[in-house]
Structure formats: structure tokens, C-alpha cells
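Chains, contacts and geometry: an overview
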Amino acid sequence: MPVSAPRFRDALATVATAVSVATTVDRRGMSCAVTIGSLCALSLDPPLVLFCLARDSGSHPVFCAADRFAVTVLAEEQAEVARRCSGLRAARSSVPLVLVDRLPVVPGALAHLLCSTYALVDGGDHTIVIGEVEHAAVRAGRPLLYHQRDFQALAPSPGGSGEGSEGFGTELTRAR
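Throughout what follows, the structure given in this document is the object of discussion. Quick caveat: nothing in here was measured; it's all calculated off a predicted structure.

**Things to note about a nonpolar patch on the surface**
- The grouping of V3, F8, L12 and V15 at the surface amounts to a nonpolar patch, some 370 Å² of accessible area in total.
- Assignment of secondary structure puts L12 in helix α1 (residues 5–12).
- Residue class for L12 comes out partly exposed when judged on its relative accessible area of 47%.

Here you go:
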């Protein structure tokens with residue numbers, strides 16, 4: 001017997017995931033952004049990543065038609081960006097984006113991955129969007145996480161700096 005949808009959601013809420021924003025440009029040249037919590041490394045050779053996009057999302061047809069897209073891994077202080085990009089189109093359009101190689105990305109983030117669309121795969125009520133990474137930019141910082149249906153940040157360990165492997169905190173605190 002399959003698990004109920006509420007029980008499935010409750011179980012998945014226990015998994016802390018890094019929050020990212022996928023962006024692309026539609027055929028009219030307008031930026032399209034959507035918050036994702038499912039960024040995953042797929043392959044090192046070639047360098048592939050994937051994310052899952054709900055079929056009923058207004059962004060779905062835009063990403064499925066795009067030849068290229070970017071993924072921005074958000075820093076812990078970017079919870080408001082994540083909220084806006086997960087909301088209505090008007091809220092998403094208020095998010096400041098900058099162009100990097102003709103793709104919109106969120107400034108101030110931890111990483112940007114510029115991708116060419118490699119494959120689109122059916123995944124039930126979602127489409128699995130697979131991208132081949134053409135360029136990656138990274139900066140130091142702490143990630144924004146999503147856990148128990150809320151944005152979270154890593155808390156530093158007592159006596160630790162919170163940077164590097166020594167003293168790296170594993171406790172979660174609510175992100176503002």
C-alpha cells in the first residue's frame with residue numbers, strides 16, 4: 001500500500017536541503033526564477049547537476065523550452081530571495097538579478113552554476129531538469145537550508161569558528 005501524501009511530506013521534511021534558485025530567460029528575453037530544494041550532483045564526467053520542477057509550476061514551460069539555465073546556491077542571509085522566488089511571479093520579478101554570460105543569477109550567493117540543458121526526464125508530477133555545467137563560480141560562506149518546512153541556517157559549534165572542518169556547526173537555527 002503506498003504511503004499517504006501527508007506522511008510522505010512529513011518524512012521528507014526531516015531532510016535538510018540547501019536552497020537554490022534556478023534561473024533562465026524565456027523566448028522574449030525575460031528572466032524567470034524559481035526556488036528549488038532539490039539540487040543534486042549527478043555526474044563528474046561530464047559535470048551534470050539536476051533539479052526537479054513541478055509540472056504545475058508557471059516556470060515549467062519556460063525551463064522545458066530553455067537551452068540554458070543557471071543555478072544559484074543561496075547564502076544563509078538570502079532567505080527573503082528564496083521566499084520571493086517561491087512566490088507569485090510579481091514577487092519573483094522583484095528579485096535583483098545580474099547577467100553572467102547572458103544568464104540571470106542572484107548576486108551575493110555562494111555559487112553559480114551555468115548550465116546547458118542536457119536532458120528533461122519525466123518524474124511523476126515533476127520534470128527532472130538535467131544540466132551540463134559549463135561554468136562554476138564559488139565564494140566562501142554558509143548555506144541557506146530548508147528543514148521542517150522553514151528556512152534554517154547552520155549554527156556555529158560552541159567554541160568553534162563555524163568555518164572549515166574543525167568546529168563546523170551542525171545545529172540549525174531559523175533564518176531571517
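Now, onward.
**Some points on the sheet that holds strand β3 (residues 31–36)**
- Ordered by their spatial adjacency, seven strands build an open sheet running β3-β2-β6-β9-β10-β5-β4, and the pairing between neighbours is antiparallel. Two strands bound the open sheet, and with one partner strand each, they are β3 and β4 (40–44). Strand-to-strand, the axes of this sheet are offset by a mean angle of 35°, without reference to chain direction.
- Judged from the four bridges that link them, β4 and strand β5 (residues 47–54) form a sheet pairing that is antiparallel. By the bridge assignment, C40 is partnered in β5 with L50.

**A look at the pattern of salt bridges**
- Going through the model one piece at a time under the given rule, you end up with 10 salt bridges.
- The salt bridge involving R139 is made with E77; its shortest N-O contact spans 3.4 Å. Residue R139 is found in the loop between β10 (126–138) and β11 (144–147), and its partner E77 is found in the loop between β6 (68–73) and α3 (79–85); the two are separated by 62 residues along the sequence.
- With a closest N to O distance of 3.5 Å, E80 and R84 form a salt bridge. Here the residue E80 and the residue R84 both occupy positions in helix α3, the gap between them amounting to four residues, near one helical turn.

**As for the pairing of β3**
- Here β3 lies mainly inside the structure; five of its six residues are buried.
- When strand β2 (residues 20–25) meets β3, the two strands line up antiparallel, connected through six bridges. Residue pairing for β3: A22 is matched across the bridge by V34.
- Counted between consecutive antiparallel strands, the loop separating β2 from β3 contains five residues, among which G29 sits at a positive phi close to 90°.

Calculation rules
Residues numbered from 1 in each chain as written. Predicted model: local features only at pLDDT ≥ 70, side-chain atom pairs only at ≥ 80, totals over all residues. Heavy atoms only, no water. Patch = residues over 30% accessible without salt bridge, like charges linked within 9 Å, V, L, I, M, F, W, Y side chains within 5 Å. Areas by Shrake-Rupley, 256 points an atom, 1.4 Å probe, with all protein chains shown as cover. Salt bridge = Lys/Arg side-chain N within 4 Å of Asp/Glu carboxyl O. Helix = DSSP H or I, 4+ residues; strand = E, 2+ residues; numbered from the N terminus. Buried < 20%, exposed > 50% of the residue type's maximum accessible area, 1.4 Å probe, protein only. Pairing = 2+ DSSP bridges. Axes fitted to C-alpha atoms, helices over the stretch in contact; angles between N-to-C directions.

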